[in-house]
Amino acid sequence: MRTRRVHGIALLATGLTLVLAAGCSSAGGAAHAVSVEKPDLTVAVVPAVDSAGFFVALHEGLFRDRGLNVRFVPAISSETVIADQVSGEYDITGGNYVSYIQAQQSHRADLDIFAEGSILEPGAMGIYAMPGSPIRTLGELKGRTVAINAPRNIMYMLAASVLSEHGISPAAVRFVVAKNGFPAMPGELRAGTFDAAAFAEPFGSVAARADGAVPLADLDQGATTSFPVLGYVVTKQWARKYPRTLAAFYQALEQGQQIADTDRAAVEAAFAALPRPLGLPRSTTAIMCLESYPVSPGPVGSVDPVRVQRVVDVMRQFIGFPPFSIDSMLMGG
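Computed from a predicted structure; not experimentally measured.

What counts, and where the lines are drawn
Residues numbered from 1 in each chain as written. Predicted model: local features only at pLDDT ≥ 70, side-chain atom pairs only at ≥ 80, totals over all residues. Heavy atoms only, no water. Core = buried A, V, L, I, M, F, W, Y, C linked by side-chain atoms within 4.5 Å. Buried < 20%, exposed > 50% of the residue type's maximum accessible area, 1.4 Å probe, protein only. Helix = DSSP H or I, 4+ residues; strand = E, 2+ residues; numbered from the N terminus. pLDDT = per-residue confidence, 0-100. Contact = heavy atoms within 4.5 Å. Pairing = 2+ DSSP bridges. Axes fitted to C-alpha atoms, helices over the stretch in contact; angles between N-to-C directions. Parallel < 35°, antiparallel > 145°, perpendicular 65-115°, else oblique. Nonpolar A, V, L, I, M, F, W, Y, C, P; charged D, E, K, R; others polar. Polar contact = N/O pair within 3.5 Å; in protein donor to acceptor, adjacent residues only side chain to side chain. Left-handed = near helix turned anticlockwise from the far one by under 90°. Expected span 1.5 Å × (residues − 1). Phe/Tyr/Trp six-rings, centres within 6.5 Å; stacked < 30°, edge-to-face > 60°.

Visitor: Residue-level account of the nonpolar core, with values.
Guide: Membership of the largest hydrophobic core comes to 107 residues, with the highest contact counts inside it found for Phe-54, Phe-63, Ile-101, Phe-114, Leu-141 and Phe-249. Tallying contributions element by element places helix H5 (residues 154-165) first for this core, with nine residues.

This is how it looks when you write it as structure tokens:
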């Protein structure tokens, strides 16, 4: 996002299936529609600012303009939706690269990353503690519990990187998985279920606004500054079966990415338009912290391999991931 960012608050819930009628279609939208093999799609995406390009495309009717009816399912993380995507419950998913790469390397899935989603920016992810906690610095996390939303995922890796940058071994901190994901974590932090939590926006802001949670560190620093966060994937089998559908989705998504990266007001409108409990009040959308949203002018699958391979390189450094080439997850790889 190239406009000014301010740290904000928001509340997004998960576990709810929504069929969203995307409004504000352009007058010439029908001209874009093509004959797609599968017009009705179920798409699971993490409902956070990482996915702003998707939400803009949904809100502005860009998928509909391409002949697609998108049924959106909120996801806790990419880790929680991979098995269902492989089984065919979801057509397309969007979430953190780390979990997708782990699934590909372990042969739990055979995935194509067909579009990039977001790149980390200041304020978008951080480690928080409660105001009454004795923990005031990263060094005081030694021997303490820090919650993450999925096992050894991007939140763990970013936190491990920042801890290492400050001379603290990640092994000295007890990372625990909050089984109900980000939405429940602010309340669990308040209740003392764990000592600190690694939050992605908007959940860090929820904890800060509701309970005065204090940020100990911004995760956009050091080795993970401007780190690739989210991508959109399909199974290779699905891509072969529905090429026109995937191309139509990709074209609409890239339009949404372009708008999200240049027009903050459009992002605010998209998040405000989500129905409860996901929808945000205007007072919240006005102060949300946003990320950057990569845009490609190329065909479906035009992903920057160097940028995404960087995720693998950091995985090798902080979670002992084996050698792996991202080429196996690129279109035609």
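Visitor: Quick one: what's the story with the confidence of the model for the chain, residue by residue and with numbers?
Guide: When pLDDT is averaged along the chain, the result is 88, and 89% of the positions lie at 70 or above. Of the regions scoring below 50 in pLDDT, residues 2-31 engages in 93 contacts with residues more than four places distant in sequence or in other chains.

Visitor: Summarise the sheet that holds strand S8 (residues 174-177); cite the residues concerned and give the values.
Guide: Pairing in this open sheet of five strands is mixed, and the strands run S8-S7-S9-S6-S10 from one edge to the other. The strands lining the two open edges of the sheet, one partner per strand, are S8 and strand S10 (214-218). Across the sheet, the mean angle from the axis of one strand to that of its neighbour is 30°, orientation sign disregarded. Where strand S7 (residues 145-148) meets strand S9 (residues 196-200), two bridges bridge the pair, whose relative direction is parallel. Within S9, the position partnered with Val-146 by the bridge is Ala-196. Sheet strands touched by helix H7 (residues 203-211): strand S6 (125-129) and S9. Its angle to S9, the strand with the most contacts, is close to 125°.

Visitor: How would you sum up the packing of helix H1 (residues 52-59) against helix H9 (residues 243-262)? Please name residues and give values.
Guide: At a minimum axis distance of 7 Å, the contact between H1 and H9 shows a crossing angle of 110°. Between H1 and H9, the angle is such that the two are roughly perpendicular. Between H1 and H9, the contacting residues are Ala-52, Gly-53, Phe-54, Val-56 and Ala-57 on the first element and Phe-249, Ala-252, Leu-253, Gly-256, Gln-257, Ile-259 and Ala-260 on the second. Of the residues contributing to the contact of H1 with H9, the split by class is nine nonpolar, three polar and no charged.

Visitor: Could you give an account of helix H10 (residues 264-273), naming the residues involved and the relevant values?
Guide: With seven of ten residues buried, H10 lies mostly within the body of the structure. Here H10 has its buried residues at Arg-264, Ala-266, Val-267, Glu-268, Ala-269, Ala-270 and Phe-271. Close packing links the buried residues of H10 with H1, H9 and helix H11 (282-285). Where H10 begins, the capping side chain belongs to Asp-263, and its oxygen is found 3.2 Å from the backbone nitrogen of Ala-265.

Visitor: Mind laying out the packing of H5 against helix H12 (residues 305-319), listing which residues take part and the relevant values?
Guide: The contact between H5 and H12 brings their axes to 10 Å, and the two run at 65°. The interaxial crossing formed by H5 with H12 has left-handed handedness. Judged by residue contacts, Tyr-156, Met-157, Ala-160, Ser-161 and Ser-164 of H5 engage Val-311, Val-314, Met-315, Phe-318 and Ile-319 from H12. When grouped by side-chain class, the residues that make up the contact of H5 with H12 number eight nonpolar, two polar and no charged.

Visitor: Which residues make up H9, and what are the values?
Guide: With 20 residues, H9 extends 29 Å between its outermost C-alpha atoms, agreeing within 8% with the 28 Å of an ideal straight helix rising 1.5 Å per residue. Turning to H9, its buried residues are Thr-245, Leu-246, Ala-248, Phe-249, Tyr-250, Ala-252, Leu-253, Glu-254, Gly-256, Gln-257, Ala-260 and Asp-261.

Visitor: Residues and numbers for the environment of Tyr-232, please.
Guide: The residue Tyr-232 is located in strand S11 (residues 228-235) in this model. In this structure the C-alpha to C-alpha distance between Tyr-232 and Gly-95, which are 137 residues apart in sequence, comes to 6.7 Å.

Visitor: Go over the packing of aromatic side chains, please, and point to the residues and values.
Guide: Summed over the entire model, instances satisfying the criterion amount to twelve aromatic pairs. Measuring from ring centre to ring centre gives 5.8 Å for Phe-54 and Phe-72, while their planes differ by 55°; the resulting arrangement is tilted. Residue Phe-54 is located in helix H1, and its partner Phe-72 is located in strand S3 (residues 69-74); the two are separated by 18 residues in the primary sequence. What makes Phe-54 buried here is its relative accessible area of 0%. A centroid spacing of 4.9 Å and a plane angle of 55° characterise the contact between Trp-238 and Tyr-242, whose relative ring orientation is tilted.

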